[in-house]
Amino acid sequence: MILIIKSSSEKKQINNLLNWIERQGLKVHMSVGDNSTILGLVGDTSIIDIDLLRSLDIVESVKRIQEPYKKANRKFHPEDTILEINGHKVGGKNFTYIAGPCSVESEKQIISIAKEVKEAGAHFLRGGAYKPRTSPYSFQGLRESGIELLSKAKKETGMAIVTEIMGANDIDIFEDVDIIQVGARNMQNFELLKALGRTSKPILLKRGLANTIEEWLMSAEYIMSEGNEKIILCERGIRTFEMYTRNTLDLSAIPLVKELTHLPVIVDPSHASGLSRLVAPLSLAATGVGADGLIVEVHNDPTNALCDGAQSITPKQFSSLVEKIDIMLPIVNKIRN
Ligand code: PEP
Ligand code: MN
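Residues numbered from 1 in each chain as written. Chains lettered and ligands numbered in written order. Predicted model: local features only at pLDDT ≥ 70, side-chain atom pairs only at ≥ 80, totals over all residues. Heavy atoms only, no water.

**What to know about the site of ligand 1**
The immediate surroundings of ligand 1 are formed by 13 residues, with Arg126, Lys131, Ala184, Arg185 and Arg236 found nearest. Here Ala184 contributes a backbone N or O atom positioned 2.7 Å from an oxygen atom of ligand 1. Between Arg236 and ligand 1, the recorded distance is 2.6 Å, taken from a side-chain N or O atom to an oxygen atom. Along the lines of polarity and charge, the residues of the shell around ligand 1 split into three nonpolar, three polar and seven charged. (Near = heavy atom within 4 Å. Polar contact = N/O pair within 3.5 Å; in protein donor to acceptor, adjacent residues only side chain to side chain. Nonpolar A, V, L, I, M, F, W, Y, C, P; charged D, E, K, R; others polar.)

**Focus: the domain arrangement of the chain**
Domain assignment breaks the chain into domain 1 (2–63) and domain 2 (83–332). Between the C-alpha centres of domain 1 and domain 2 the distance comes to 43 Å. (Domains from an automatic or database assignment.)

**Re the sheet that holds strand S1 (residues 2–5)**
Taken together, the four strands give an open sheet; going across it, the order is S2-S3-S1-S4, and neighbouring strands pair in antiparallel fashion. Edge positions in the sheet fall to strand S2 (27–32) and strand S4 (59–63), since each has one partner strand and no second. Between one strand axis and the next, the sheet turns through 20° on average, direction left out of account. With four bridges joining them, S1 and S4 adopt antiparallel strand pairing. Bridged to Ile2 within S4 is Lys63. Against the sheet, helix H1 (residues 11–23) makes contact with S1, S2, strand S3 (37–42) and S4, and its axis sits at roughly 155° relative to S2, the strand it touches most. (Pairing = 2+ DSSP bridges. Helix = DSSP H or I, 4+ residues; strand = E, 2+ residues; numbered from the N terminus. Axes fitted to C-alpha atoms, helices over the stretch in contact; angles between N-to-C directions. Contact = heavy atoms within 4.5 Å.)

**Re the coordination of the manganese ion (ligand 2)**
Donor atoms from the polypeptide that coordinate the manganese ion (ligand 2) comprise Cys102 (SG), His271 (NE2), Glu297 (OE) and Asp308 (OD), at 2.1 to 2.5 Å from the metal. In terms of primary sequence, the donors binding the manganese ion (ligand 2) are separated according to C-x168-H-x25-E-x10-D. Taken as a pair, Glu297 in strand S14 (residues 293–297) and Asp308 in the loop between S14 and helix H10 (315–328) lie far apart in primary sequence, eleven residues in all. With relative accessibility at 0%, the residue Glu297 sits in the buried group. Accessibility expressed as a relative area gives 17% for Asp308, which makes it buried. (Donors = N, O, S within 2.8 Å, 3.2 Å for Na, K, Ca; no water. Buried < 20%, exposed > 50% of the residue type's maximum accessible area, 1.4 Å probe, protein only.)

**So, the nonpolar core**
Tyr97, Val117, Leu125, Leu205, Leu233 and Phe318 are the most contacted members of the largest nonpolar core, which totals 64 residues. With sequence-adjacent residues up to four places away left out, Tyr97 is seen in contact with Gly121, Ala122, His123, Phe124, Leu294, Phe318, Val322, Ile325, Asp326, Leu329 and Arg336. Within the second largest apolar cluster, 17 residues are counted, among which are Leu3, Leu39, Ile48 and Val62. (Core = buried A, V, L, I, M, F, W, Y, C linked by side-chain atoms within 4.5 Å.)

**Looking at the pattern of salt bridges**
Per the stated rule, a full pass over the model turns up 18 salt bridges. Asp44 is paired through a salt bridge with Lys70; the nearest N and O atoms lie 3.0 Å apart. Here Asp44 is found in the loop between S3 and helix H2 (50–54), whereas its partner Lys70 is found in the loop between S4 and strand S5 (83–85), with 26 residues between them in sequence. The residue Asp51 makes a salt bridge to Arg54 at a minimum N-O spacing of 3.6 Å. A residue pair is termed a helical-turn pair when its members lie 3 or 4 positions apart in one helix, as Asp51 and Arg54 do in helix H2 at three residues. For Arg54, a relative accessible area of 43% puts it in the partly exposed group. A single salt-bridge network, built from bridges that share partners, covers Arg207, Glu235 and Asp250. (Salt bridge = Lys/Arg side-chain N within 4 Å of Asp/Glu carboxyl O.)

**Some words on the pairing of strand S12 (residues 231–235)**
Among the five residues that make up S12, five are buried, leaving the element largely enclosed by the rest of the structure. On S12, burial covers both faces: Ile231, Leu233 and Glu235 on one face and Ile232 and Cys234 on the other are all buried. Sheet topology note: the strand S11 (residues 203–206)/S12 ladder contains four bridges and is parallel. Looking at S12, one finds that Lys206 is bridged to Cys234. Where the polypeptide runs from S11 across helix H6 (residues 213–225) and back to S12, its parallel neighbour, the crossover connection is right-handed. As defined by bridge partners, S12 adjoins strand S13 (residues 265–267) across three bridges and the pair is classed as parallel. Bridged to Leu233 within S13 is Val265. For the segment spanning S12, helix H7 (residues 253–260) and S13, crossover handedness is right-handed. (Right-handed = clockwise from strand over helix to strand, strands pointing away.)

**A word on the pairing of S2**
By the bridge criterion, six bridges tie S2 to S3 in an arrangement that is antiparallel. What sits directly across from Val32, in S3, is Thr37. Linking two consecutive strands that pair antiparallel, namely S2 and S3, is a turn of four residues.

What follows is the structure in structure tokens.
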């Protein structure tokens, strides 16, 4: 971290600051020029409140050299993280397909979709049991019984299940869940992240609707700092001024995040656009820019879906999408396992 000190500062003020920095356990390299003094802070600067430093009278500017995340940082872990879930590898060269309805609606619905997406080539089954809806009057999900139905679908098909958690108090209910999703709205629910960090379950961490890449990686850091390093990141579109789509898929985030972190990064083309006809082209684009997989909303009757029908594709459409992507995989140096 580099601090530029205002030329008008008094020696006593600078010494006070130096003492404060050293009390934080950091070393300081000082370079005194004719017009300004530059302080280089050496050591673990992740504990420093950068805004506090910026607010000091004698500080002209502060620049962070080191990213504030450590465990998620590729600098300290150059190899890709590869997770092993239910016999499938996620991350590295492996490409993962996760598919299923936005929400679990009935036993018949989830089991029939599970069978169809498995047949089409999906590795894991998604399905919301606890649904974060904008309106309290919309379908809120089958909750605990939704998870029971997912478990039945898992028994029936052998597919691992992915479902969203909304509160730390529910963790016990997620015992049978293979991958716990933290949805966009909870990306910065820090108590939830810390609680999940104390479990050993793989976590699918979606990017918040209006969060920067750094904030997203800091949320991963929250989970990792508690001991759970099994994280899959998911880009699902961010809020922009554009109204034709539900969100704007930040495609550039994928290669960029893969430079910054060793964690797998997948893409959700369904929430990214909100439009079923854009799911296939966005999936192809996401694969092209190096995503480690896709999570796609698939429904057997999108028109009558209780949630997110407009962005859901049918099992048949999913099957033809997988066929296309499988053809693309060798070009992007990926394999399916
Ligand atoms: C979902 O996966 O159904 C969901 C609500 O996603 P997001 O948190 O990305 O909106
Ligand atoms: Mn949805």
